[in-house]
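Letter by letter, the chains look like this.
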Amino acid sequence: MSVSCKEMRPPLTQEILSHLGLASKTAAWGTLGTLRNFLSFSVDKDVQRLLKAITGHGVDCGAIVDVLTNRSREQRQLISRAFQERTQQDLLKSLQAALSGNLERIVVALLQPASQFDAQELRTALKASGSAEDVTMEILATRTPPQLQECLAVYRHNFQVEAEEDIKSKTSGILRDLLLALAKGGRESYTGIIDYNLAAQDVQALQQDEGCSTEGPWVLIFTQRNPEHLIRVFDQYQRCTGQELEEAVRNRFHGDVQAALLSLVAVIRNTPLYFADKLHRALQETEPNHQVLMRILISRSETDLLSIRAEFKKKFGKSLYSSLQDAVIGDCRSALLALCRAEDI
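On a predicted model such as this, the values are computed, not experimentally measured, just so you know.

J.: Would you explain the overall build of the protein chain in this entry?
T.: Each helix and strand counted, the protein chain has 22 helices and zero strands in total. Per-residue burial for the protein chain yields a buried fraction of 47% across its 345 residues. Residue pairs at least 24 apart in sequence account for 73% of intrachain contacts in the protein chain once pairs closer than 6 positions are excluded. If you sum the accessible surface of the protein chain, you get close to 17,100 Å²; carbon and sulfur atoms cover 50% of it.

Okay, here's the thing in structure tokens:
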């Protein structure tokens, strides 16, 4: 049953000030990643160092990690091409032959283009025996439209099938509709204009849909509206109904659908916090989930890993760096710590 809501708007001045510059905050500060272009970059020196690390007496894992975790993805691609030109050998295959285990997987991920790495992670999730919701939602909901388009193009090229077809065969119902809508990349961009009428309509649509057999409004609103608009919808929904949207999701949906919608709400509310929670869960498992740690630290290292670190420390009272130090062992530990970069005091 819907609850009437007469006061839909906060004070106009407060609303405007809270959104000034929201879309360009990251650009104004440059980057919130831990990894930037290496200023003293010399492709020749890096090629020679990697060649020596592979062909010397024993594999020098420290040198390999030092080079690859201190160069941007663009610089790593330049190193890979230069290595091929100078040695007639494929750097990725050479390092795979020299390394093993989790360190090998991290190095492979570091040397792959981002779109190829995402496409492989997406394919693995959609072909795994368990639920595909977690990794699929992470990739579809957190990549920019250009990144997502490139990932899906690589998926089509590498696996000779559209990702959407694999989603259809792996999922059903509202989960399938939700993932397919996200894969289309049709989310609206934030224009800086506050549309109070649309926000009110969306809140009403979510309320009226309660108890109905169709979940269409949930899929449309959650996958098409821009995040700034959705934050407003979430706040107004709580004022109108007296419950947070997450509570409504838990009451209405179950299983993978509930998990997917809660993940999407978390991404919309605070993407760095969403990733901080995933990292914490990966570290709390009996054996750390190296795949999750690797995927997040690599994919966010040039985007917002500093923000993720800050959210991790704020929520869990312990830095991500210290948590990695305590939980991870083996050769991959140094690579993950290098991507994390530093302690947060």
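J.: Would you mind going over the side chain of Thr 142 with me for this structure?
T.: Its place among the elements puts Thr 142 in helix α9 (residues 133-142). In terms of polar contacts, Thr 142 uses its side chain to reach the backbone carbonyl oxygen of Glu 138, at 2.5 Å. Of note is the side chain of Thr 142, whose polar atom sits 2.8 Å from the side chain of Arg 143.

J.: What exactly am I supposed to notice about the layout of surface pockets here?
T.: It is the rolling of a water-molecule-sized probe over the atoms that shows where space remains empty. The volume enclosed by the second largest pocket comes to roughly 350 Å³. Contributing to the lining of the second largest pocket are 22 residues, with Gln 120, Glu 121, Thr 124, Gln 291 and Met 294 lying nearest its centre. Looking at the lining of the second largest pocket, the elements with two or more residues in it are α7 (101-111), α8 (114-127), α9 and α19 (290-300). Ranked by residue count, the leading element in the lining of the second largest pocket is α8, at five residues. Of the residues belonging to the lining of the second largest pocket, the class tally is nine nonpolar, eight polar and five charged.

J.: Please clarify how unusual backbone geometry should be interpreted in this entry.
T.: Positioned with a positive phi, Gln 160 is a non-glycine residue whose angle comes to about 55°. The class for Gln 160 is exposed, based on a relative accessible area of 66%.

J.: I would appreciate a short explanation of helix α22 (residues 332-340) in the present structure.
T.: Helical geometry: 3.6 residues make up each α-helical turn, so side chains three or four residues apart lie on a common side. The buried count for α22 comes to seven of nine residues, which makes it a mostly enclosed element. Residues of α22 that are buried: Cys 332, Ala 335, Leu 336, Leu 337, Ala 338, Leu 339 and Cys 340. In the core, the buried residues of α22 are packed alongside α4 (61-68), α7, α19, α20 (305-316) and α21 (320-327). The positive-phi residue at the C-terminal boundary of α22 is Arg 341, with phi of around 95°.

J.: Please explain the pattern of salt bridges as it appears in this structure.
T.: Any two side chains of opposite charge can pair, given that their charged atoms come close. One pass over the full model with this rule turns up 21 salt bridges. Of the charged contacts, one joins Arg 176 and Asp 177 as a salt bridge, the two residues approaching to 3.5 Å between their closest N and O atoms. Overall, Arg 176 belongs to the partly exposed group, its relative accessible area being 29%. Assessed through its relative accessible area of 35%, Asp 177 is described here as partly exposed.

J.: Could you clarify how one ought to interpret the packing of aromatic side chains in this entry?
T.: Ring pairs (aromatic) are described by centroid distance and by the angle formed between their planes. Taken as a whole and assessed by the stated rule, the structure comprises six aromatic pairs. Judged by centre distance (5.6 Å) and plane angle (40°), the rings of Trp 218 and Phe 222 are tilted. Highlighted residues: Trp 218 and Phe 222, both in helix α14 (residues 216-224), separated by four residues, approximately one helical turn. As far as the burial class goes, Trp 218 and Phe 222 line up, both buried. Ring geometry for Phe 222 versus Phe 234: centroids 6.0 Å apart, planes at 50°, classification tilted. A residue pair is termed long-range when its members are at least 10 positions apart, and Phe 222 in helix α14 and Phe 234 in helix α15 (residues 227-241) qualify at twelve residues. Classification of Phe 234 by relative accessible area gives buried; the value is 1%.

The rules behind each value
- Residues numbered from 1 in each chain as written.
- Predicted model: local features only at pLDDT ≥ 70, side-chain atom pairs only at ≥ 80, totals over all residues.
- Heavy atoms only, no water.
- Helix = DSSP H or I, 4+ residues; strand = E, 2+ residues; numbered from the N terminus.
- Buried < 20%, exposed > 50% of the residue type's maximum accessible area, 1.4 Å probe, protein only.
- Contact = heavy atoms within 4.5 Å.
- Areas by Shrake-Rupley, 256 points an atom, 1.4 Å probe, with all protein chains shown as cover.
- Polar contact = N/O pair within 3.5 Å; in protein donor to acceptor, adjacent residues only side chain to side chain.
- 1 Å grid on protein atoms, 1.4 Å probe; cavity = no way out; pocket = protein on both sides within 12 Å on 5 of 7 lines; lining within 4 Å.
- Points joined across faces, edges and corners; volume = space filled by probe spheres on them.
- Nonpolar A, V, L, I, M, F, W, Y, C, P; charged D, E, K, R; others polar.
- Salt bridge = Lys/Arg side-chain N within 4 Å of Asp/Glu carboxyl O.
- Phe/Tyr/Trp six-rings, centres within 6.5 Å; stacked < 30°, edge-to-face > 60°.

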